[in-house]
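Examination of the molecular architecture
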Amino acid sequence: MAGFVSNLLILLLLFQNISLGFRSPLSVFKRYKDTSTSLSSECLGSVQPVISFGLSDFALDIRMPAVTPKQSDTYLCLSVPLPVDDEAYVVDFKPHASMDTVHHMLLFGCNEPSSTENYWDCDEGTCKDKSNILYAWARNAPPTRLPKGVGFRVGGETGSRYFVLQVHYGDVSAFRDKHKDCSGVTLHLTHQKQPLIAGMYLMMSVNTVIPPGKKVVDADIACHYKRSPMHLFAYRVHTHRLGKVVSGYRVRNGQWTLIGRQSPQLPQAFYPVKYPIDISYDDILAARCVFSGEGRTTETHIGGTANDEMCNFYIMYYMEAKHAVSYMTCTQNTNPEMFRNIPQEANIPIPVKSDVKMMMHGHHEELKDSDTSSLLQQDKKEDILDQETKDSDASYLLQQAKKEEAETLDQDFHIEEAVEWPGLDLKLGQVSGLALDLQNNLVVFHRGDRVWDENSFDSKFVYQQRGLGHIEQNTIIVLNPRNAKLLHSTGKNMFYLPHGLSVDKNGNYWVTDVALHQVFKLGANDKEPLLILGVPLQPGSDKNHFCQPTDVAVDPITGSIYVSDGYCNSRIIQFSPNGLYVMQWGEETSLGRSRPGQFYIPHSLALIPDLSQLCVADRENGRIQCFRLETGEFTREIKHKAFGRELFAVSYAPGGLLFAINGMPYPGEAESVQGFVMNFSTGEIIDTFIPLRESFEMPHDIVASEDRTVFVGDVHAKAVWKFASVEKMEHRSVKKAGIEVQETKESGTIVEARLKNKPESRDPLKNMDKQHLVQQASSTGVSFVLITTLLIIPVVVLLVILVFIRWRKTTVYGADGECKLDSTAGRILGRLRGKGGGGINLGNFFASHKGYSRKGFDRLSTEGSDQEKDEDDGTDSEEECSASPLPPAPSSS
């Protein structure tokens, strides 16, 4: 009976959990209302925090919980969680505030508010993590309206889970009657996917200096736009007291188009853009703030204090959902010369009329002299408020933009070689392609005993060594990514000159052969191809032929096939999942500067499915080009001087990181061959990396996983390098109570010598978070020591008990046990002290590896191929690795 009751209780619990997994939206709202902070009845009345109207829409009321600020210039913050777990969209804002009590309100979206209190002083901050400004209201300004079909994306996997409302109470004389304030905003949200996603673009000067007494000072900002098209619908300006006018423009082909122009001394809200304006790739966004230093006796700099200034022009825009970016910044002036042609209107101050002042202060009737005097005093007071230390909206955005730049350039990880990875000792042919399978095992495509050299093709790209037959070795091998143990192999007697490799969502291998001029789809355990594209050994440029195709990628969502073609064609071809031609794009690079969509050997592909983009390593143009999957439309270019003239391969890792590898520098050029880690959103280089034990010779392909493990295949060195992040492979040494414990978090041990440093910011503000990071690392180390100590104590106690028990047994059973006790205890304690015969001294290991030095690089021929060639005698006499051959593979059946 007891067993039956127990089973019944378990079933009831399971049923309850299953039922919770299928809650209706109404139950979610009820749960939110039950757990949310209750507001004063004086504020809410009949208003509910969450109101559902329909199956997909609901309203969220965000209000101050009946507060009474005690002093002027009080900033109060309040956080409200998104009441649903799945993705939603904010499509409208309704403010509830009056200039009589509130100076301005800002609404942020983030995932971790600065406090968990009911409300808090905003001096503690708004959010601990990255946040986006969603809404702003100030000085009785009209509400901001989002266009139809446009929304701010929140919730889900990528959107904000909390709203943080910041309210600035300027003059608290309105609270003499000690009433409660419930200012805030009501959000209209919907679960219906919006085709257009709203975002914020902040343009901000960070280095302007205003000399004392100077009548006119210009602060100019300009950035090239390198993203998908965006459409502007609102703008906002901000300076402190010295600002006269702020103007923003789009510059396209030398033509200046006004986005918005306003006096920063007027209501600081988002004003609608007068005419629809779109921003396309390579347009320039430009802004100018005009200041006057009259009345100042010292220089004025950009900052947040009463004696500082600000120059902000921020734009509200929308983009197509699949390409949407929620927040972007511009803090540079990439082309100062262009501002010679800025329209004259940008230098003409906008007068602030008295009736507008009265409207913005809430006065709508004719004023008496005493009222006018009072209003003038109020105007002066508000001018002071505009440039006070707690000018939170601009001050916050300045810090946020700096923090965002610092996060891009100073992310807390480095890529370093895993020096214990045995992949350099494998006996491989020329390594041409790498991929990761569904289990994150490393898949290698190599050429066995075959070499691509100057005799491989004639002038018409026809393969000349067919008499050698197919490669007799297994050309596709699968390795354990931790220890390089062979797991599987296939591809024997199928290929002439392997090149590109990828793995689709079903685990199939997709490869290209530059000699056969074909693309193959192979099942992991199939001896015959599942699909073949191209005509064997026949180069061509039509829909049915390739000419030395280099790489292939398969869209996991649609199944569409994309082929980069290749060494003698300059195009990307799309095929349907069953291999039917769909479309192509690309052309040869013209003389002079290469234009978007032109290729000089499209060599490697990286598919970004969540953004519906395909990025191409445009090898001989030394750049990355990205395109829309559906249309082939060019979206952006990533090009850095550090790339040099050649960029061989590119790989995307979930989480927004782009990895690439370049080629050897030309004689006299400084750029070295190395790997790159980039922020995909900005295109900026976060880190670079090189091998430690040996040098890259001709790195040909790169693949990276979500945990930042990176593999690089070298076609000349016939090797595969493994790299990983410091976070993942951090080496620690802990000494406690005379016991030294050393550990590595991954089998690959870290040697930190010779890692190339990441780009360092020149702006001191970009390093604002570094002290915090150091403190955080220090606290992590202390925590580790503490945890290790707590774990060791029980073990020591247990050992003492065991020793005592053995001693008691020895006392009873005689001396033989005593000898065994001494032997056993000695071995145990010896190992704990790191002195056991089977132990490893990592300190000696590192010491023995300090003498590594980097070999010089020899220039390789890259005339239309990745051929391996010995420059001393012009032959392919490269020695193979001296390590033992691979162990026998399981049957490839």
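Residues numbered from 1 in each chain as written. Predicted model: local features only at pLDDT ≥ 70, side-chain atom pairs only at ≥ 80, totals over all residues. Heavy atoms only, no water.

Examining the pattern of salt bridges
The tally for this structure, following the rule as stated, stands at 20 salt bridges. A salt bridge links Arg340 to Glu337; the nearest nitrogen and oxygen atoms lie 3.0 Å apart. Exposure remark for Arg340: the relative accessible area of 68% places this residue in the exposed category. Accessibility expressed as a relative area gives 48% for Glu337, which makes it partly exposed. Each of Arg250, Arg252, Asp278 and Asp283 takes part in salt bridges that share partners, so that together they form one network. (Salt bridge = Lys/Arg side-chain N within 4 Å of Asp/Glu carboxyl O. Buried < 20%, exposed > 50% of the residue type's maximum accessible area, 1.4 Å probe, protein only.)

As for the packing of aromatic side chains
By the definition in use, this model includes 28 aromatic pairs. Among the aromatic side chains, those forming a connected cluster through ring pairs are Tyr281, Tyr562, Trp585, Phe599, Phe627 and Phe634. Directly above the aromatic system of Tyr666 lies the positively charged group of Arg645, at a separation of 4.3 Å from the ring centroid. (Phe/Tyr/Trp six-rings, centres within 6.5 Å; stacked < 30°, edge-to-face > 60°. Lys NZ or Arg CZ within 6 Å of the ring centre and 35° of its normal.)

Thoughts on the sheet that holds strand β3 (residues 74–81)
Strand order in the open sheet formed by five strands is β6-β3-β9-β5-β7, and the pairing between neighbours is antiparallel. Single-partner strands in this sheet number two, and they are β6 (120–121) and β7 (132–138). Pairing between β3 and strand β9 (residues 162–169): eight bridges, direction antiparallel. Across the sheet, Ser79 pairs through a bridge with Val164, a residue of β9. (Pairing = 2+ DSSP bridges. Helix = DSSP H or I, 4+ residues; strand = E, 2+ residues; numbered from the N terminus.)

Examining the layout of surface pockets
Space inside the second largest pocket adds up to approximately 920 Å³. Elements with a minimum of two residues in the lining of the second largest pocket: β23 (431–436), β27 (498–503), β31 (549–554), β37 (602–608), β41 (647–653) and β45 (699–704). Residue composition of the lining of the second largest pocket, by class: 20 nonpolar, six polar and seven charged. (1 Å grid on protein atoms, 1.4 Å probe; cavity = no way out; pocket = protein on both sides within 12 Å on 5 of 7 lines; lining within 4 Å. Points joined across faces, edges and corners; volume = space filled by probe spheres on them. Nonpolar A, V, L, I, M, F, W, Y, C, P; charged D, E, K, R; others polar.)

A look at the nonpolar core
The biggest cluster of nonpolar side chains holds 56 residues, and the ones touching the most others in it are Ile62, Phe93, Leu107, Phe163, Leu187 and Leu189. With residues up to four places along the chain from it excluded, the contact list for Leu189 reads Ser56, Asp57, Phe58, Leu60, Leu82, Ala88, Tyr89, Val90, Val154 and Phe163. By size, the runner-up hydrophobic cluster in this structure holds 36 residues, among which are Cys223, Leu266, Ile279 and Tyr317. (Core = buried A, V, L, I, M, F, W, Y, C linked by side-chain atoms within 4.5 Å. Contact = heavy atoms within 4.5 Å.)

What about empty space enclosed by the protein?
Within this structure, the stated rule accounts for four cavities of 30 Å³ or more. In this structure, the largest cavity occupies an estimated 60 Å³ of space. Looking at the largest cavity, the residues that line it are Ser432, Gly433, His499, Gly500, Leu501, Thr550, Asp551, His603, Ser604, Ala649, His700 and Asp701. Counting only elements with at least two residues in the lining of the largest cavity, the list comes to β23, β27, β31, β37 and β45.

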